[in-house]
Amino acid sequence: MVSLNSTNELIEIMKYPCSFAPRFSKETKQNYYSNFTMITSSSSSSSSCSRLITQPHTNYTLKLPKLCPQSLKYKPLTITNVLKIADTLNLSSTTTTTSPDLQSLLNTSKPTILVSEKLGDAGLELLRSFGNLECCYNLSPDELCSKISTCDALIVRSGTKVNRQVFEAAKGRLKVVGRAGVGIDNVDLQAATEFGCLVVNAPTANTIAAAEHGIALLASMARNIAQADASMKAGKWQRSKYVGVSMVGKTLAIMGFGKVGSEVARRAKGLGMHVIAHDPYAPADRARAIGVELVSFDEAVTTADFVSLHMPLTPATSKVFNDTTFAKMKKGVRIINVARGGVIDEDALLRALDNGIVAQAALDVFCEEPPKDSKLVQHENVTATPHLGASTKEAQEGVAVEIAEAVVGALQGELSATAVNAPMVPPEVLSELAPYVTLAEKLGRLAVQLVSGGSGIKSIKVVYRSAEDLDTRLLRAMITKGIIEPISDSIINLVNADFVAKQKGLVISEERVFVDSTLPVDSIQLRISNVGSKFESALENDEISVEGRVKYGKPHLSRVGSFEVDVSLEGNLILCRQVDQPGMIGKVGGILGESNVNVSFMSVGRKVRRKKAIMAIGVDEEPDKDTLNKIGHVPAVEEFVFLDL
Ligand SMILES: NC(=O)C1=CN([C@@H]2O[C@H](COP(=O)(O)OP(=O)(O)OC[C@H]3O[C@@H](n4cnc5c(N)ncnc54)[C@H](O)[C@@H]3O)[C@@H](O)[C@H]2O)C=CC1
Ligand SMILES: O=C(O)C(=O)COP(=O)(O)O
């Protein structure tokens with residue numbers, strides 16, 4: 001038992017659930033948090049996110065759970081909510097001392113974040129304030145694998161290989177991998193996705209550093225700075241040997257016109273170069289705005305005097321600079337690579353340097369880092385740096401903060417704006433979509449509970465009615481989560497939703513219907529075919545069909561089968577079909593009232609007067625079996641179902 005008497009302590013405690021509030025069964029709730037009343041928050045974007053709300057005692061005693069068993073499922077809980085709870089509790093935020101026993105509990109309950117490569121101090125500080133930080137540089141692959149099962153997050157740069165073995169060794173604990181930089185070619189994204197581990201990167205903070213390094217390499221290569229410096233240090237004075245080439249008026253081909261590529265282009269134009277670029281995915285107007293012409297791959301490589309590489313390493317770009325490509329280039333071309341070593345076939349480059357097609361190369365990145373006995377590095381026409389593109393003080397501080405924020409956000413269950421293997425959701429879009437995300441999950445949970453028998457759920461159709469073009473990945477993932485979680489022990493998140501659905505043979509097809517609406521999504525309808533239903537009235541054309549909308553910022557059920565209803569999707573729901581006659585609301589409401597079950601919403605939908613009607617009743621508590629039986633025995637009630645949302 002631990003005394004809790006300040007907001008700070010409460011915040012610390014809530015960090016245990018460390019922003020992952022456990023979604024407990026009723027019994028578990030009672031066991032673990034016997035001193036708390038649990039309620040389900042309606043403010044959360046995660047529908048079934050449990051919140052701890054206590055009675056307003058000033059000196060509250062919290063029986064800490066023996067830190068939540070791994071097997072329990074976690075849901076996000078944000079500090080903002082904790083502050084609201086603190087407010088409810090009337091806890092003062094001035095008491096700062098945390099009792100020693102609480103402290104020791106907290107240390108074991110905070111998430112553990114492993115940083116495996118050097119990271120800027122500001123980022124480390126942020127991580128330290130949030131979790132247990134372990135900085136272990138130069139771990140061997142085996143050491144990393146043996147450590148990773150105790151870590152919730154891993155932060156790497158380009159030097160750590162986060163392969164499938166790492167995810168396997170994590171045994172499900174690793175929730176997020178943060179790449180403190182841009183290139184994620186050292187992370188096995190497929191394995192991360194399969195294991196439901198989010199991968200985030202820091203895509204912007206080192207752009208300028210990389211671009212400046214590219215320009216530095218271009219200029220120093222053109223003027224033989226590195227070679228001349230080495231020669232002077234060897235006591236020589238070789239003015240005629242190191243005559244360079246001018247940059248002004250030369251054609252520079254930028255291969256990959258993304259963030260770094262376009263910054264290199266800007267700077268090269270300032271040097272008076274003629275800049276062209278090849279990037280199949282870059283918008284022409286961005287290039288035009290910088291005064292750069294987008295050209296085909298062949299045109300770029302055949303016309304350039306200098307070629308600067310800025311594309312990611314992908315299966316499509318791997319060794320794209322090979323014997324064939326070099327053979328097309330102008331004799332005496334100069335190549336700069338600040339992207340990834342793997343985009344060049346290094347043996348082919350060596351041949352091209354030896355036969356004079358490539359006059360010089362400036363390389364910051366290599367297929368294997370550090371390169372072993374590399375003839376390229378030793379070549380007199382090669383200027384080499386040890387992957388220094390992102391290595392400025394400014395970029396490293398920036399990247400560290402960028403990745404620390406992304407990782408902390410991810411551990412708090414927030415959707416990430418820099419997710420690499422999950423839909424990226426910019427904050428403004430997210431706040432707009434949040435209630436729809438909840439709606440999507442609730443509809444999934446509701447629909448799956450209506451299924452009975454049949455050959456299992458195989459195909460689900462989702463119909464979105466919206467005015468705008470809609471990125472449905474987030475909504476689809478939440479529908480999948482809602483459908484799968486109640487019927488399996490899989491933990492579904494945005495990362496693995498599609499993967500798990502596929503594995504379970506679940507086909508989710510989507511249809512968009514454009515409607516005139518001011519809302520981002522007018523309605524979401526779910527249809528499950530080839531199944532029976534516990535509640536026959538939910539069937540329409542032999543499919544279970546439910547539809548929901550967001551009203552006043554809250555998810556509502558708007559249709560069940562062919563019946564229109566209007567009930568908030570909060571708490572639990574009883575669907576009841578009865579003969580449409582007076583007094584039904586009173587009868588059913590009375591039974592619930594006798595059992596102390598609070599009715600939060602009620603709505604009746606019918607097609608024809610005095611025929612059949614559907615009553616949708618939102619209830620705060622789960623009625624016991626007797627109460628449900630009594631409802632079933634009301635003469636006019638033809639069928640009913642209780643749904644746990
Ligand atoms: N040496 C270093 O320390 C650093 C290296 N980098 C590397 O630089 C590269 C670019 O980084 P950013 O500009 O931030 O990324 P970015 O994603 O903004 O730009 C990459 C561009 O490459 C384009 N691209 C993709 N496939 C292509 C293809 N087949 N041909 C031509 N273009 C293609 C994309 O459309 C995109 O516009 C990455 O490989 C990154 O890892 C980035 C920062 C530091
Ligand atoms: O951001 C990138 O892609 C980089 O290549 C930087 O790598 P680094 O973080 O310096 O190991």
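Because the structure is a prediction, the values reported are computed rather than measured.

## Some words on the domain arrangement of the protein chain
As assigned here, the protein chain comprises domain 1 (2–108), domain 2 (111–205 + 397–411), domain 3 (207–384) and domain 4 (427–644). A straight line from the C-alpha centre of domain 3 to that of domain 4 covers 58 Å.

## Focus: the nonpolar core
Formed by 79 residues in total, the largest nonpolar core has its most connected members in L450, I524, L526, L557, L573 and L575. Residue-level mapping places this core at the junction of two domains, with at least three residues from each of domain 2 (111–205 + 397–411) and domain 4 (427–644). Filtering out sequence-adjacent residues up to four positions away, L575 remains in contact with L450, F535, L557, V560, M615, A616, E639, F640, V641 and L643.

## Topic: the sheet that holds strand β17 (residues 358–363)
One open sheet holds the 7 strands; their spatial order is β14-β13-β12-β15-β16-β17-β18, and the pairing between them is parallel. Every other strand in the sheet has two partners, leaving β14 (293–294) and β18 (382–384) as the edge strands with one partner each. Of the strand pairs in this sheet, strand β15 (residues 306–309) and strand β16 (residues 333–337) are connected by 4 bridges, and their pairing is parallel. Each residue of the ladder has a partner; that of V307, found in β16, is I335.

## Remarks on the pattern of salt bridges
According to the stated counting rule, one finds 26 salt bridges in the structure shown. When the shortest N-O distance is used, the salt bridge between E638 and R577 registers 2.9 Å. One end of the pair, E638, is in strand β31 (residues 637–644); the other, R577, is in strand β28 (residues 572–579), and 61 residues separate them in sequence. Residue R577 is classed as buried on the basis of its relative accessible area, which comes to 15%.

## Some words on the site of ligand 1
By nearness alone, 25 residues border ligand 1, and K259, V260, D279, V338 and D364 come closest of all. With respect to ligand 1, the side chain of K259 contributes an N or O atom lying 2.8 Å from an oxygen atom. Surface burial for ligand 1 is 86%, taken as the share of its 860 Å² of free accessible area covered by protein chains. The residue inventory of the shell around ligand 1, partitioned by class, reads 12 nonpolar, 9 polar and 4 charged.

## Concerning the pairing of β28
β28 sits mainly inside the fold: 7 of its 8 residues count as buried. Pairing between β28 and β31: 7 bridges, direction antiparallel. Each bridged residue has a counterpart across the sheet, and for L575 the counterpart in β31 is V641.

## Here's the deal with the side chain of T317
Mapped onto the fold, T317 is located in the loop between β15 and α14 (323–328). For T317, a relative accessible area of 12% gives the class buried. At 2.6 Å, the side chain of T317 forms a polar contact with the backbone oxygen of P312. Once residues within four sequence positions are removed from consideration, T317 is found in contact with M311, P312, G342 and V343.

## Things to note about the sheet that holds strand β30 (residues 612–619)
Strand order across the open sheet formed by 4 strands is β29-β30-β28-β31, with antiparallel pairing between neighbours. Only two strands of the sheet have a single partner each, and these edge strands are β29 (599–606) and β31. With strand direction ignored, the average angle separating the axes of adjacent strands in the sheet is 15°. Taken strand by strand, helix α21 (residues 584–594) contacts β28, β29, β30 and β31, and its axis lies near 30° from that of β30. Set on the sheet, helix α22 (residues 625–633) makes contact with β28 and β31; between it and β31 the angle comes to about 150°.

## Description of the site of ligand 2
Close to ligand 2 lie R157, S158, R179, A180, G181, V182, G183, N206, R340, H387 and A390. Contact distances for ligand 2 include 2.8 Å between an oxygen atom and a side-chain N or O atom of R157. One of the side-chain nitrogen or oxygen atoms of R340 is found 2.8 Å away from an oxygen atom of ligand 2. Protein contact buries 92% of the 310 Å² of open area that ligand 2 shows by itself.

The rules behind the values
Residues numbered from 1 in each chain as written. Chains lettered and ligands numbered in written order. Predicted model: local features only at pLDDT ≥ 70, side-chain atom pairs only at ≥ 80, totals over all residues. Heavy atoms only, no water. Domains from an automatic or database assignment. Core = buried A, V, L, I, M, F, W, Y, C linked by side-chain atoms within 4.5 Å. Buried < 20%, exposed > 50% of the residue type's maximum accessible area, 1.4 Å probe, protein only. Contact = heavy atoms within 4.5 Å. Pairing = 2+ DSSP bridges. Helix = DSSP H or I, 4+ residues; strand = E, 2+ residues; numbered from the N terminus. Salt bridge = Lys/Arg side-chain N within 4 Å of Asp/Glu carboxyl O. Near = heavy atom within 4 Å. Polar contact = N/O pair within 3.5 Å; in protein donor to acceptor, adjacent residues only side chain to side chain. Areas by Shrake-Rupley, 256 points an atom, 1.4 Å probe, with all protein chains shown as cover. Nonpolar A, V, L, I, M, F, W, Y, C, P; charged D, E, K, R; others polar. Axes fitted to C-alpha atoms, helices over the stretch in contact; angles between N-to-C directions.

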